[in-house]
Amino acid sequence: MFSSTDIGIDLGTANILVYTKAKGIILNEPSVVALDTKTNKVIAIGEDAKAMIGKTPGSIRVVRPLKEGVIADFEVTTELLKMVMQKAAKQMGGSLRKPNVMVCTPCGATSVERRAIHDAVKQSGAKSVHLIEEPVAAAIGADLPVSEPIASVIVDIGGGTTEVGIISFGGVVSANTVKVAGDRMDEDIIQYVRKHYNVLIGERTAETIKKEIGYALIPHKSESIEIRGRDVMTGLPKTVTLTSTEIQETLKESLLSILECIRATLENCPAELSGDIVDQGVVISGGGALLKGMQQWLSEEISVPVHTAPQPLESVAIGTGRSLVMLNKLEKISR
């Protein structure tokens, strides 16, 4: 039995990750909940709920309670977190009673949104809740020297938001958030296929297209993929072939928005730290960092080296867990 355990939670729009010092990432589940529409009770969460998207009868509703990095549905998020805590306890082989929790928040989150995240985690059974800004957590998780007096630049391209931060001495020197990331790219693909092929596809198909043939704005050998959807005109199933060049053009607007956010953050960097950025470069993390050609394209556009975090999908979760360990050490020293 665990009386008290430190855990870090990456409360992401696309996925929820739980990190412990002892075992590392113990849980990685999609931030999706399936509800019974009559009783409003949770039927399934995570992978089980995601598998239901677009396939449920009228009595079951599948929702994403987190939008653009913040809580859109408080009650459902609280239920999701309770079940995440239960799953995490099973992974640790016992009961997870009253853990100390560090959870990340977007840089642009308001005090109301931060309070909602704090309260939702508290109500899910946490002993104490600490909040950390997402770029700082991502930088810690990517093994950047955040506590030193040099500039560490992190670009975290998640599901709902892209967070760009310049960190020095453990704090954020300059940061920007844009509500354009993986989910927006999926939506771009859905709209493109509907407009040009008169075919309706779901979120999961759009995500598969992005992963398989999605490219940042770099020259590449054209690839293709066959996908199935529903013909808007006839209502019947239809198969279409998409190429990587047309998907690249579809993603162009979203990618340029992310680039603009990075440039705006770098422009606000103090002159003394600019030299560090040229030497150290920029680190990208999050699911968006895995888009083909992303590293090469950003490096060409901003004229500084761009590196991908060692574990881009898990950087924020690892950083939240590590920062809680650091916080506990500081508290012990101050006593």
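Residues numbered from 1 in each chain as written. Predicted model: local features only at pLDDT ≥ 70, side-chain atom pairs only at ≥ 80, totals over all residues. Heavy atoms only, no water.

One open sheet accounts for three strands, arranged E5-E4-E6; its pairing is antiparallel. The outermost strands of the open sheet, each flanked by one partner alone, are strand E5 (42–45) and strand E6 (60–63). Ignoring strand direction, the axes of neighbouring strands in this sheet form an average angle of 20°. Relative to E6, strand E4 (residues 33–36) runs antiparallel, the two sharing four bridges. Its bridge partner lying in E6, aspartate 36 is registered against isoleucine 60. Together, E4, E5 and E6 form the strand contacts of helix H2 (residues 74–91), whose direction differs from that of E5 by roughly 60°. (Pairing = 2+ DSSP bridges. Helix = DSSP H or I, 4+ residues; strand = E, 2+ residues; numbered from the N terminus. Axes fitted to C-alpha atoms, helices over the stretch in contact; angles between N-to-C directions. Contact = heavy atoms within 4.5 Å.)

Bridging between strand E9 (residues 100–105) and strand E10 (residues 128–133) involves six bridges; their strand directions are parallel. Looking at E10, one finds that threonine 105 is bridged to glutamate 133. Between the parallel pair E9 and E10, the chain is carried across by helix H3 (residues 111–123), and the sense of this crossover is right-handed. (Right-handed = clockwise from strand over helix to strand, strands pointing away.)

The next point concerns helix H4 (residues 134–141). Given 3.6 residues to a turn, an α-helix orients residues that are three or four positions apart in the same direction. For H4, the tally of buried residues reaches eight of eight residues, placing the bulk of the element in the interior. The set of residues buried in H4 consists of Glu134, Pro135, Val136, Ala137, Ala138, Ala139, Ile140 and Gly141. After H4 finishes, the residue aspartate 143 shows a positive phi value of roughly 65°. (Buried < 20%, exposed > 50% of the residue type's maximum accessible area, 1.4 Å probe, protein only.)

For serine 128, the location among the structural elements is in strand E10. Taking the C-alpha atoms as reference, serine 128 lies 26 Å from leucine 313; in sequence the two are 185 residues apart. Setting aside residues up to four positions removed in sequence, serine 128 forms contacts with Pro99, Asn100, Val101 and Lys122. In terms of polar contacts, serine 128 uses its side chain to reach the side chain of asparagine 100, at 2.8 Å. (Polar contact = N/O pair within 3.5 Å; in protein donor to acceptor, adjacent residues only side chain to side chain.)

Counted under the stated rule, the structure contains one aromatic pair. Between tyrosine 192 and tyrosine 197, the aromatic rings sit 6.3 Å apart at their centres with planes inclined by 65°, giving edge-to-face as the arrangement. Here tyrosine 197 falls in the partly exposed class, since its relative accessible area comes to 24%. (Phe/Tyr/Trp six-rings, centres within 6.5 Å; stacked < 30°, edge-to-face > 60°.)

Now for helix H6 (residues 203–213). Within the span of H6, buried status applies to Ala206, Ile209, Lys210 and Ile213. The buried residues of H6 occupy an angular sector of 110° when projected down its axis, which confines them to one face. Packed against the buried residues of H6 are helix H5 (182–197), strand E15 (224–231), strand E16 (237–243) and helix H7 (244–267). (Arc of directions from axis to C-beta.)

In terms of domains, the protein chain is made up of domain 1 (6–137 + 315–334), domain 2 (140–180 + 257–310) and domain 3 (182–250). Measuring from the centre of the C-alpha atoms in domain 2 to the corresponding centre in domain 3 gives 29 Å. Tallying the contact residues gives twelve residues for domain 2 and 14 residues for domain 3. Interface area for domain 2 against domain 3, summed over the two sides, is near 1,100 Å², with a carbon-plus-sulfur share of 64%. (Domains from an automatic or database assignment. Buried area = accessible area lost by both parts, 1.4 Å probe.)

What follows is about the side chain of threonine 105. For threonine 105, the location among the structural elements is in strand E9. With relative accessibility at 0%, the residue threonine 105 sits in the buried group. Polar contacts involving the side chain of threonine 105 include one to the side chain of arginine 114, which spans 3.1 Å. Ignoring sequence-local partners within four residues, the contact set of threonine 105 consists of Arg114, Ile117, Leu131, Ile132, Glu133 and Glu134.

The subject of this paragraph is the pattern of salt bridges. Per the stated rule, a full pass over the model turns up twelve salt bridges. A salt bridge links lysine 87 to glutamate 29, with the shortest nitrogen-to-oxygen separation between them at 2.9 Å. Taken as a pair, lysine 87 in helix H2 and glutamate 29 in strand E3 (residues 24–30) lie far apart in primary sequence, 58 residues in all. Its relative accessible area of 26% is what places lysine 87 among the partly exposed residues. The buried category is assigned to glutamate 29, whose relative accessible area is 12%. Its salt-bridge partner being arginine 64, residue glutamate 203 comes within 3.3 Å of it at the nearest N-O pair. (Salt bridge = Lys/Arg side-chain N within 4 Å of Asp/Glu carboxyl O.)

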